[in-house]
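# Descriptive analysis of the structure
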Amino acid sequence: MADYSKEINKRRTFAIISHPDAGKTTLTEKLLLYGGAINLAGSVKGKKTDRHAVSDWMEIEKQRGISVTSSVMQFNYGDYCINILDTPGHQDFSEDTYRTLMAADSAVMVIDASKGVENQTKKLFKVCVMRNIPIFTFINKMDREARDTYELLDDIETVLGIRTCPINWPIGSGKNFKGVYDRETKHITRFYAANNGQKEVDTVEVELGDESLDALIGKEQHGILSEEIELLDGASSEFDLEAVRGGKLTPVFFGSALTNFGVETFLKHFLSMTTTPLPRNTTEGVIDPATNEFSAFVFKIQANMNKAHRDRIAFMRICSGKFEAGMEVNHVQGGKKLRLSQPQQLMAQERKIVEEAYAGDIIGVFDPGIFSIGDTLCSTDKKFCYEGIPTFSPEHFAKVRQVDTMKRKQFLKGVSQIAQEGAIQIFQEFNTGMEEIIVGVVGVLQFDVLKFRLESEYGVEIRLEPLAYEYIRWIENKGIDISKLSVTSDTKKVKDLKGNPLLLFVHNWSIQTVLDRNKELKLSEFGKE
Ligand code: GDP
């Protein structure tokens, strides 16, 4: 029997999370550079024209010049085979961003040193915590004026609720940034502003307190560093790999992605601390990634907006065994056997056909419209299902109506299908029928995607009327009488496609008020399948 464990143990699959502009793209580029996956830093975002020459996936991408869905980049570094899952950040933030995290085994959180923890990081962090995956912190832009280091760590601990363990420590910031001190090896890596980012600078082996350090980083900063390290050694959490792997402690690194300072050190430590592809739970128990049987689950479906190619691509995370092009698998939810044709892998912005892939890898396969988010594929006849992907809370809501009332049927069909794919969520007033449809999205761009697709694919023009609701909670109590719930004036009672009851709120504080008024009520931020 073939043994795939060697290939699988080489794999490290992670997502990079951050608030827009913290430096996620810059860090990704530098990581790819170390793997030799791209020749020139700068090609992740690339020149718009270059990128669109290879990507004709979405018309809207071209119109907006942004990437609507996340991609995966694979590269080799040393003995490792690394898969980076890109999580779209700016206006293109969507439910897919969250779903991508379901395919990762760990996350790298990039934080802007002058800003600390920002809103989008918080949201993405919550999803990582839900899965208990290891989270690594890269505090970026140390070459710029930064907030106090202790304050930054405190921010992570209090806002995100995870303990921190600095692996290295910055020596000054901005104009006074002199480099980092490695707490374990006690070495100092000196930063030179002129170093414009192609290579890591030399590391100096000197003990704190050694006179030669005065010349290297200045007497004053040497003094400050010694004090800080003494304080840190007494006060910070001890490094504990188990706690890191369990998502309870985040190792913290300082650097500057733009000048490529601290990036390779980070990569090396990260690779040694993060996990190989994790076993995942199914209806038949936990599946070992190294078994010989192929299995995978779909975490994202990307519709092609180009009219000439109406295909969709289903992205799946391989959870066990080996994938071979053209192999026949069971589509468990669909109850059918099928051949996986045209498997693709994304390398930076290019698509290429893959012949083989292993647990930990992500592949995209042609989808004639049969897959749903969360579906399981496997090569055995056991037909187990991977744990589903939760529904994430939309944050923007709008009423949607078709302009031409004669097109009601196409309208309902289109809206339901697009919701089925997972691009939007649809809700109805609790007591009425399909008359009024409320659409909820995680990122506002999804409204445009909906409008565009209904017009181009279903010939239906729609009007969207924004609603003031921003918070949604699923009601977890079974059999509760929704009409008897005492709610605030800014609360709306709705149900989802499956008839599950939910509450929409305009204000955050109303959630607590409603909970206080209805003692037995249980609300959840994530919808179960
Ligand atoms: P993203 O939105 O998180 O992907 O952020 P980008 O990687 O696009 O970076 C946002 C901006 O910050 C760009 O102008 C980068 O050049 C800049 N930037 C990224 N890393 C650093 C850094 O380490 N130092 C400085 N000074 N600027 C940086």
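Residues numbered from 1 in each chain as written. Predicted model: local features only at pLDDT ≥ 70, side-chain atom pairs only at ≥ 80, totals over all residues. Heavy atoms only, no water.

Under an unreviewed UniProt entry, the name given to the protein chain is Peptide chain release factor 3, and the organism recorded is Anaerocolumna cellulosilytica. What UniProt records for the protein chain under Function (unreviewed entry) is the sentence "Increases the formation of ribosomal termination complexes and stimulates activities of RF-1 and RF-2. It binds guanine nucleotides and has strong preference for UGA stop codons. It may interact directly with the ribosome. The stimulation of RF-1 and RF-2 is significantly reduced by GTP and GDP, but not by GMP." Taken from UniProt, the Subcellular location (unreviewed entry) comment for the protein chain reads in full: "Cytoplasm". (UniProt positions renumbered as here; feature names shortened; annotations may be inferred.)

## Comments concerning the nonpolar core
Soluble globular proteins: nonpolar side chains tend toward being buried together. With 82 residues, the main nonpolar core has F294, F323 and L377 as its most contacted residues. A total of 6 residues in this core trace back to one element, the largest contributor, which is strand 15 (residues 312–320). Formed jointly, this core draws a minimum of three residues from each of two domains, domain 1 (15–67 + 106–273) and domain 2 (280–378). Aside from chain neighbours lying at most four places away, what touches L377 is F294, S295, A296, V298, M316, V329, N330, H331, L338, L340 and F371. (Core = buried A, V, L, I, M, F, W, Y, C linked by side-chain atoms within 4.5 Å. Buried < 20%, exposed > 50% of the residue type's maximum accessible area, 1.4 Å probe, protein only. Helix = DSSP H or I, 4+ residues; strand = E, 2+ residues; numbered from the N terminus. Domains from an automatic or database assignment. Contact = heavy atoms within 4.5 Å.)

## Let's talk about the environment of Y386
Among the structural elements, Y386 can be located in the loop between strand 23 (376–378) and strand 24 (396–402). Spatially, the C-alpha atom of Y386 lies 9.1 Å from that of V286, the residues being 100 residues apart in sequence. There is a polar contact of 2.6 Å between the side chain of Y386 and the side chain of S295. (Polar contact = N/O pair within 3.5 Å; in protein donor to acceptor, adjacent residues only side chain to side chain.)

## Overview of helix 7 (residues 149–160)
Along its 12 residues, helix 7 runs 16 Å from first to last C-alpha, staying within 8% of the 16 Å computed at 1.5 Å per residue. When helix 7 is considered as a whole, its buried residues turn out to be T149, L152, L153, D155, I156 and L160. Looking down the long axis of helix 7, one finds its buried residues gathered within 150° of arc, a one-sided arrangement. With a side-chain oxygen positioned 3.2 Å from the backbone nitrogen of Y150, the residue opening helix 7 is D148. (Expected span 1.5 Å × (residues − 1). Arc of directions from axis to C-beta.)

## Notes on the side chain of R183
Tracing the backbone shows R183 in the loop between strand 8 (179–182) and strand 9 (188–190). Note on R183: relative accessible area 17%, which makes it buried. Side chain to side chain, R183 and D233 meet in a polar contact 3.0 Å long. Once you skip the residues sitting within four places of it in the chain, R183 turns out to touch C165, P166, I167, N168, L232, D233 and S236.

## A closer look at the site of the ligand
The environment of the ligand is made up of 18 residues, and the closest members are D21, K24, T25, T26 and D143. With respect to the ligand, the side chain of N140 contributes an N or O atom lying 3.0 Å from an oxygen atom. In the model, an oxygen atom of the ligand is placed 3.2 Å from a nitrogen or oxygen of the L258 main chain. Out of a free accessible area of 580 Å², the ligand has 81% covered by protein chains. For the shell around the ligand, the leading source of residues is helix 2 (residues 24–34), giving 3 residues. (Near = heavy atom within 4 Å. Areas by Shrake-Rupley, 256 points an atom, 1.4 Å probe, with all protein chains shown as cover.)

## Comments concerning the sheet that holds strand 11 (residues 249–254)
In space, the 7 strands of this open sheet follow the order 2-3-1-4-5-11-6, with mixed pairing throughout. Of all strands in the sheet, those bounded by a partner on one side alone are strand 2 (72–77) and strand 6 (163–166). Direction aside, neighbouring strands of the sheet carry axes that sit 30° apart on average. Bridging between strand 5 (residues 135–140) and strand 11 involves 3 bridges; their strand directions are parallel. Residue pairing for strand 11: F138 is matched across the bridge by F253. Helix 7 contacts strand 4 (106–112), strand 5, strand 6 and strand 11 of the sheet and is inclined by roughly 150° relative to strand 6. (Pairing = 2+ DSSP bridges. Axes fitted to C-alpha atoms, helices over the stretch in contact; angles between N-to-C directions.)

## Details of the sheet that holds strand 7 (residues 168–171)
Read from one edge of the open sheet, 4 strands run 7-8-9-10, paired in antiparallel fashion. Unpaired on one side and paired on the other, strand 7 and strand 10 (203–204) mark the two borders of the sheet. Across 3 bridges, the pairing between strand 8 and strand 9 is antiparallel. Bridge pairing in strand 9 links Y181 to I188.

## Quick word on the side chain of D375
Here D375 shows up in the loop between strand 22 (362–367) and strand 23. A distance of 2.8 Å separates a polar atom in the side chain of D375 from a polar atom in the side chain of H331. Once residues within four sequence positions are removed from consideration, D375 is found in contact with A296, F297, V298, H331, Q333 and I370.

## Remarks on the state of the cysteines
One pass over the structure, following the stated rule, counts 0 disulfides. There is no disulfide at C378, and the cysteine sulfur nearest it, in C385, is 8.2 Å away. (Disulfide = S-S within 2.5 Å.)

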